[in-house]
Amino acid sequence: MQYKKLAELYNSLNSTRKRLEKIEILSHFLEHLHEDDKDIMYLLMGEIYPEYDERKIGISDQLAIKSISRATGIDSKHIVSEWKKIGDLGEVAKKVTEKRKQSTLHSHVLTTEKVIENLRKLPELIGKGTVDKKLALITELLTSASPTEALYLIRTLIGDLRIGIQESTIREAIAKAFFKDEDASSIVQRAIDNSNDLALVFEMAKKGRIKDLEKVELHVGKPIKAMLAQKAKDFKEAFEALGKPCAIEYKYDGFRLLIHKEKDKVILFTRKLENVTSQFPEVVDYIKKYVKGNSFILDSEAVGFDKKTKEYQSFQHISQRIRRKYDIKQMQEQLPVEVNLFDILYYNGDSKINEPFEKRSEFLRKI
């Protein structure tokens, strides 16, 4: 597909703040989107892979500025000056692309396939000469881009797409585009929750077989988004929202940890889908020692504690360990964690998500 068509869609979505209008625009686009172009579903969220994939574009503002300069022949200082005035690097790219020097033009028709291909090469580059290689990949795209295409390319690169859609908008658009069933939206959402892969869900929905979407299950080792807490001003409001009876847990000042185990392999994910297995070797040991089962997915809160006083530490203390890639043993000694399990989502080949919480809780204690 020509990238121009996707840029036009971005413009259309950006032209309205009304959610229903966005859903209408997007559902019409998806109806006509070919299965071979399914990876465009990632671009709609400003990504290049499913959300669970740790590979991200990861381009800094400074590298984006250099790329715009190289592609247009406009001095970097002028681009920075325009950025300070406009406040949107994408709009700057659009403006200077309109004025770019003819000598820099080697235009080709830009396709979404080419955009995805080049963007996917960016996270793979490491070592000497990485910056120049990244510049070359981005510049190649910008040199072929129209002003509007340049706008959205730069916004995608720096992680600021600004088209006002969320996963829920895409869910409703998929349901509207391919199904008439009133329950389709919840089925699509469940498939998204279980797979964490919009392209996969689109591909299945495009075939129009809603029963296939109902069969999408959790997979050990593939991270899923944790359900976040709803806020309530008091107990009365909380009970009204949740009903009775209601299970109540302590709120620890730790961090959410989704624990996956397959045979002897344990993988730990944060609620932001970061793999933190190597940072918390003691948690891996806890799971192997204290939880019975061949394969499972557990939901928990990890909280730091003082080794001498046994008192809980604040999140600020333990957050140091989340991104630490070295001196793991030392950090483990200084800032140990305990794990508070409160839910089980999958066990030995069976999804537990649709079972009542009381039953899941009882099973969790059993194992």
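Residues numbered from 1 in each chain as written. Predicted model: local features only at pLDDT ≥ 70, side-chain atom pairs only at ≥ 80, totals over all residues. Heavy atoms only, no water.

Enquirer: Hey, could you run me through the overall build of the protein chain in this one?
Expert: In terms of helices and strands, the protein chain carries 18 helices and five strands. By residue count, 47% of the 367 residues in the protein chain fall in the buried class. If you take every contact in the protein chain between residues at least 6 apart in sequence, the share linking residues at least 24 apart comes to 70%. Between the centroid of the 65 positive side chains of the protein chain and the centroid of its 58 negative side chains there is a distance of 4 Å. (Helix = DSSP H or I, 4+ residues; strand = E, 2+ residues; numbered from the N terminus. Buried < 20%, exposed > 50% of the residue type's maximum accessible area, 1.4 Å probe, protein only. Contact = heavy atoms within 4.5 Å. Lys, Arg positive; Asp, Glu negative; His and termini not counted. Charge placed at Lys NZ, Arg CZ, Asp CG, Glu CD.)

Enquirer: Help me understand the sheet that holds strand E4 (residues 337-347) in this model?
Expert: One key point about sheets: their strands pair by backbone hydrogen bonds, in either a parallel or an antiparallel sense. Strand order across the open sheet formed by five strands is E2-E1-E3-E4-E5, with antiparallel pairing between neighbours. In the strand order of this sheet, the two ends are held by strand E2 (265-270) and strand E5 (350-351), each with one partner. As paired strands, strand E3 (residues 295-304) and E4 are joined by nine bridges and run antiparallel to one another. In the sheet register, Ile297 faces E4, and the bridge partner there is Tyr346. Along the sheet, helix H15 (residues 281-290) makes contact with strand E1 (255-262), E2, E3 and E4, crossing E4 at roughly 55°. Sitting on the sheet, helix H18 (residues 357-366) touches E3 and E4, and the angle it makes with E4 is about 120°. (Pairing = 2+ DSSP bridges. Axes fitted to C-alpha atoms, helices over the stretch in contact; angles between N-to-C directions.)

Enquirer: Would you take a moment to explain the pattern of salt bridges for this structure?
Expert: Side chains that differ in sign of charge can pair as their charged atoms come close. With the rule as written, the count across this model stands at 28 salt bridges. A salt bridge links Glu82 to Lys85; its shortest N-O distance comes to 3.3 Å. In this pair, Glu82 and Lys85 both sit in helix H5 (residues 76-86), three residues apart, roughly one turn of the helix. For Glu82, a relative accessible area of 6% gives the class buried. Three or more residues are tied together by salt bridges with common partners; here these are Asp88, Glu91, Arg155, Asp160 and Arg162. (Salt bridge = Lys/Arg side-chain N within 4 Å of Asp/Glu carboxyl O.)

Enquirer: Would you mind going over a negative patch on the surface with me for this structure?
Expert: On the surface, a cluster of negative charge is made up of Asp181, Glu182, Asp183 and Glu214. You can see Asp183 is positioned in the loop between helix H10 (167-178) and helix H11 (184-195). (Patch = residues over 30% accessible without salt bridge, like charges linked within 9 Å, V, L, I, M, F, W, Y side chains within 5 Å. Areas by Shrake-Rupley, 256 points an atom, 1.4 Å probe, with all protein chains shown as cover.)

Enquirer: Where do I start with H10 in this structure?
Expert: Residues spaced three or four apart along an α-helix point in a common direction, a consequence of the helix completing one turn every 3.6 residues. Its twelve residues give H10 an end-to-end C-alpha distance of 17 Å, which sits within 8% of 16 Å, the value for a rise of 1.5 Å per residue. Counting buried residues along H10, ten of its twelve residues qualify, which places the element largely inside the surrounding structure. Among all positions in H10, only Glu167, Ser168, Thr169, Ile170, Arg171, Ala173, Ile174, Ala175, Ala177 and Phe178 are buried. The inward-facing, buried residues of H10 contact helix H2 (19-31), helix H3 (40-43), H11 and helix H12 (198-206). (Expected span 1.5 Å × (residues − 1).)

Enquirer: Would you explain the nonpolar core in this entry?
Expert: One broad trend across soluble globular proteins is that nonpolar side chains are buried collectively. Ranked by internal contacts, the top residues of the largest apolar core, which has 71 residues, are Leu26, Leu30, Met41 and Leu44. Residues Val266, Phe296, Val337 and Phe363 belong to the second largest nonpolar core, which totals 24 residues. (Core = buried A, V, L, I, M, F, W, Y, C linked by side-chain atoms within 4.5 Å.)

Enquirer: Would you explain the pairing of E3 in this entry?
Expert: Remember that side chains alternate between the two faces of the sheet whenever the strand is regular. Of all ten residues that make up E3, ten are buried, and the element is covered over most of its length. Because side chains alternate across E3, one face comprises the buried residues Ser295, Ile297, Asp299, Glu301 and Val303, and the other comprises Phe296, Leu298, Ser300, Ala302 and Gly304, equally buried.

Enquirer: Is there a simple way to think about the environment of Gln2 in this case?
Expert: You can see Gln2 is positioned in the segment before helix H1 (3-14). On the accessibility criterion, Gln2 (38% relative accessible area) is partly exposed. When the C-alpha atoms of Gln2 and Lys114 are compared, they prove to be 9.4 Å apart, with 112 residues separating the residues in sequence. Here Gln2 is in contact with Val109, Leu110, Thr111 and Thr112, once residues within four sequence places are set aside.

Enquirer: I'm lost on the pairing of E4 in this one. Help?
Expert: Bridge count between E4 and E5: two bridges; the pairing is antiparallel. Looking across to E5, one finds that Tyr346 is bridged to Ser351.

Enquirer: Could you clarify how one ought to interpret the packing of aromatic side chains in this entry?
Expert: Pairs of aromatic rings are described using the distance from one ring centre to the other and the angle between the two planes. The tally for this structure, following the rule as stated, stands at seven aromatic pairs. Consider the rings of Phe296 and Tyr347, whose centres lie 6.4 Å apart with planes at 5°: the pair is stacked. Here Tyr347 lies in strand E4 and Phe296 lies in strand E3, a separation of 51 residues in the sequence. The buried category is assigned to Phe296, whose relative accessible area is 0%. One aromatic cluster in this structure is built from Phe296, Tyr347 and Phe363. (Phe/Tyr/Trp six-rings, centres within 6.5 Å; stacked < 30°, edge-to-face > 60°.)

Enquirer: Whenever I open this one, the side chain of Thr112 confuses me. Can you help?
Expert: Within the secondary structure, Thr112 sits in helix H7 (residues 112-121). Of note is the side chain of Thr112, whose polar atom sits 3.5 Å from the side chain of Glu113. Not counting residues within four places of it along the chain, the set of residues in contact with Thr112 comprises Met1, Gln2, Tyr3, Leu6, Asp37 and Ile40. (Polar contact = N/O pair within 3.5 Å; in protein donor to acceptor, adjacent residues only side chain to side chain.)

Enquirer: What is the right way to look at the side chain of Glu282 in this model?
Expert: Looking at where Glu282 falls in the secondary structure, it is placed in helix H15. At 2.6 Å, the side chain of Glu282 and the side chain of Arg321 are in polar contact. Excluding residues within four positions of it along the chain, Glu282 makes contact with Arg321, Gln332, Pro336 and Val337.

Enquirer: I would appreciate a short explanation of the environment of Glu35 in the present structure.
Expert: Tracing the chain through its elements places Glu35 in the loop between H2 and H3. Among the residues examined, Glu35 registers a relative accessible area of 28% and is labelled partly exposed. On a C-alpha basis, the gap between Glu35 and Met204 in space is 9.2 Å, while along the polypeptide they are 169 residues apart. Sequence-distant contacts of Glu35, defined by excluding residues within four places in its chain, comprise Phe202, Glu203, Lys206 and Lys207. Among the polar contacts listed, one links the side chain of Glu35 to the side chain of Lys207, at a separation of 3.4 Å.

Shape is all these values report; function is a separate question.
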